[in-house]
Every structure is written in C-alpha cells, then in structure tokens.
Amino acid sequence: MATVSVRDVNTDLSELVDEVIKGGSVTITRDGKPVATLVAVEAAIDQKPKRNFLEHLMAFPEPDMVFERNPSKGRDVDL
C-alpha cells in the first residue's frame, strides 16, 4: 500500500492507477494525515454496506438463535 500526498497525486495519477489495478491501494494524505484511499472498483463494490445501530438492533436476535433464560431470582438493587 503506497502513501502519497495530494500534491503528488496530481503528477503521478497514472502510475497510482496502475498500482491499484494490480491489486494494491493508495492512501492519499494532506498535511501528513490520511484523507482518502484509492482502490479498485471491484474492491469498493465488494464491501458490504454497514448497518446503523438501529438496523443492527432490529435484526437481532436472528430467527434461529435460541436463548436460555436464567432461572435464578435477580438481586435487589438500591438506586
């Protein structure tokens, strides 16, 4: 994985694209901090979209999951 500055991307874009096509990735930095990643289209498409927290909660528990309840009596808590 190569790391280049935004300024260098302007001059070396064709070489960076060639590296990405070969299976690599390129991290683009501004002021030394990563701001973007250049990856192949196939790699970007293969990523599954992440669910937000609400979607995650709504999908749980999965239909085939079985939970055993704890038969013990809970403890008293003073709040």
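Structure: see above.
Note that this is a predicted model, so its numbers are computed, not measured.

## Quick word on the sheet that holds strand β2 (residues 26–30)
Then comes step 1: The strand order across the open sheet built from three strands is β1-β2-β3, with neighbouring strands paired in mixed fashion. Pairing within the sheet leaves two strands with one partner each, and these edge strands are β1 (2–5) and β3 (33–38). Neighbour-to-neighbour, the strand axes of the sheet open up by a mean angle of 30°, direction not taken into account.
Then comes step 2: In terms of strand pairing, β2 meets β3 through five bridges, oriented antiparallel. Residue pairing for β3: Thr29 is matched across the bridge by Pro34.
Then comes step 3: Strand contacts of helix α1 (residues 6–21): β1, β2 and β3, with the helix running at about 155° to β1, the strand carrying the most contacts.

Rules used in this analysis
- Residues numbered from 1 in each chain as written.
- Predicted model: local features only at pLDDT ≥ 70, side-chain atom pairs only at ≥ 80, totals over all residues.
- Heavy atoms only, no water.
- Pairing = 2+ DSSP bridges.
- Helix = DSSP H or I, 4+ residues; strand = E, 2+ residues; numbered from the N terminus.
- Axes fitted to C-alpha atoms, helices over the stretch in contact; angles between N-to-C directions.
- Contact = heavy atoms within 4.5 Å.

That's the geometry; what it means functionally is another story.
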